[in-house]
Amino acid sequence: MNVDDLVAIDIHTHAEEPCCSPRVDGYDEFQAGMAKYFKNPAGADGMLPSVQDTANYYRERKIGAVIFPVDSERETGFHRYDNEDVAKLAAENSDILIPFASIDPAKGKRGAREARRLVREFGVKGFKFHPTMQGFYPNDRQAYPLYEAIAEEGAITLFHTGQTGVGAGMRGGMNMRLKFSNPIYLDDVAADFPDMPIIAAHPAFPWQEEALAVATHKPNVYIDLSGWSPKYFPEILVKYTNSLLKKKMLFGSDWPAITPDRWLSDFEKIDIKDEVRPMVLKENARRLLKI
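A. Inspection of the overall build of the protein at higher detail. Looking only at helices and strands, the protein features 12 helices and eight strands. The long-range share in the protein, meaning contacts at least 24 apart out of those at least 6 apart in sequence, stands at 78%. Carbon and sulfur atoms make up 50% of the accessible area of the protein, which amounts to about 12500 Å² in all.

B. The environment of Ser181, seen in detail. As for its placement among the helices and strands, Ser181 is situated in the loop between strand 5 (156-160) and helix 8 (186-192). Its relative accessible area of 1% is what places Ser181 among the buried residues. Distance in space between the C-alpha atoms of Ser181 and Trp207 is 9.2 Å, their sequence separation being 26 residues. If sequence neighbours within four positions are ignored, Ser181 has contacts with Pro131, Thr132, His160, Thr161, Gly162 and Trp207.

C. Layout of the packing of aromatic side chains. All chains considered together, the criterion is met by 16 aromatic pairs. For the pair Phe129 and Phe159, a centre-to-centre distance of 4.9 Å together with 20° between the ring planes defines the contact as stacked. Here Phe159 lies in strand 5 and Phe129 lies in strand 4 (residues 126-129), a separation of 30 residues in the sequence. For Phe159, a relative accessible area of 0% corresponds to the buried category. Every member of this aromatic cluster is reached through a ring pair, and the members are Phe129, Phe136, Tyr144, Tyr147, Phe159 and Phe193.

D. Molecular detail of the pairing of strand 6 (residues 198-201). Because side chains alternate across strand 6, one face comprises the buried residues Ile198 and Ala200, and the other comprises Ile199 and Ala201, equally buried. Where strand 6 meets strand 7 (residues 221-224), four bridges bridge the pair, whose relative direction is parallel. Residue pairing in the sheet places Ile199 in a bridge with Tyr222 of strand 7. Handedness of the crossover is the feature at issue here: the chain leaves strand 6, passes through helix 9 (residues 208-217), returns alongside strand 7, and the resulting connection is right-handed.

E. Fine view of the packing of helix 9 against helix 10 (residues 235-242). It is at 10 Å that the axes of helix 9 and helix 10 come closest, and there the two elements cross at 15°. What the angle tells us is that helix 9 and helix 10 run roughly parallel. Seen along the crossing, helix 9 lies across helix 10 with a hand that is left-handed. Seen from helix 9, the contacting residues are Gln208, Glu209, Leu212 and Thr216; seen from helix 10, they are Ile236, Leu237 and Tyr240.

F. Looking closely at the pattern of salt bridges. A complete count under the given rule lists 13 salt bridges for this structure. A salt bridge links Asp4 to Arg286; its shortest N-O distance comes to 2.9 Å. Of this pair, Asp4 sits in the segment before strand 1 (8-14) while Arg286 sits in helix 12 (residues 277-289), placing them 282 residues apart in sequence. Residue classification places Asp4 among the exposed positions, given a relative accessible area of 55%. Given a relative accessible area of 22%, Arg286 falls into the partly exposed group. Ionic pairing is found between Asp95 and Arg59, a salt bridge with its closest N-O pair at 2.8 Å. Linking Asp95 in the loop between helix 4 (83-92) and strand 3 (97-101) with Arg59 in helix 2 (residues 51-61), this pair joins segments that are 36 residues apart in sequence.

Calculation notes
- Residues numbered from 1 in each chain as written.
- Predicted model: local features only at pLDDT ≥ 70, side-chain atom pairs only at ≥ 80, totals over all residues.
- Heavy atoms only, no water.
- Helix = DSSP H or I, 4+ residues; strand = E, 2+ residues; numbered from the N terminus.
- Contact = heavy atoms within 4.5 Å.
- Areas by Shrake-Rupley, 256 points an atom, 1.4 Å probe, with all protein chains shown as cover.
- Buried < 20%, exposed > 50% of the residue type's maximum accessible area, 1.4 Å probe, protein only.
- Phe/Tyr/Trp six-rings, centres within 6.5 Å; stacked < 30°, edge-to-face > 60°.
- Pairing = 2+ DSSP bridges.
- Right-handed = clockwise from strand over helix to strand, strands pointing away.
- Axes fitted to C-alpha atoms, helices over the stretch in contact; angles between N-to-C directions.
- Parallel < 35°, antiparallel > 145°, perpendicular 65-115°, else oblique.
- Left-handed = near helix turned anticlockwise from the far one by under 90°.
- Salt bridge = Lys/Arg side-chain N within 4 Å of Asp/Glu carboxyl O.

This is the structure in structure tokens:
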């Protein structure tokens, strides 16, 4: 990857479509609900971009992309996109894709072994957690063996925070519990694993100030700005981006729910200092990812 030639690095893109197995019952309805929530037709007709589609799309735009699946099999029953498959496809498109993985913390020591193998054998640089989809509090000690493996391997963690479009408007919210994704729980993780980089994903509605507090207080906590159009960013988030957290804010789109085209266009229109824009778009991620 020639980072100098990239216009930005998107720290938050999804590998949604299982590559090696058919969709399970309920997955079409789930993706249709997501499409309705985000006003994005990607899931409405049963089709989502493959990892290769994503690589082609981002290559055309000269944007690097961190890509990951979400291991939520235990809570949703949906087959996860295998971590190895994502990593292999990322390796085939290493000029543009950066592989992250996802492991349900409930897998305990087995998950910890998988994490070590993915870093050592497949070049995985980080791990995505979705507390609401995976049904756990980030500071649950059950997750600590997995965090220990990630920290010892020098990898990054990325946690969904705030409300989610997953299950939004569906019966019972698809049994998703928003409480798990309050970013204040990352404070314990950051204190217990002070050398492990932690990314709090999304403007964390309705807990934006908790996320800002944790990122300000803990040196190893960053915030990615994915999942929202920048035109909806709360004023306090813009203020912190321009000041205390200018070196810790990261561009992310949440592809395919939100496209980088839309995010970048709206980002140009908000009041971000000229010297801060390149930090958010690329330089902070470049430093964090060590690329």
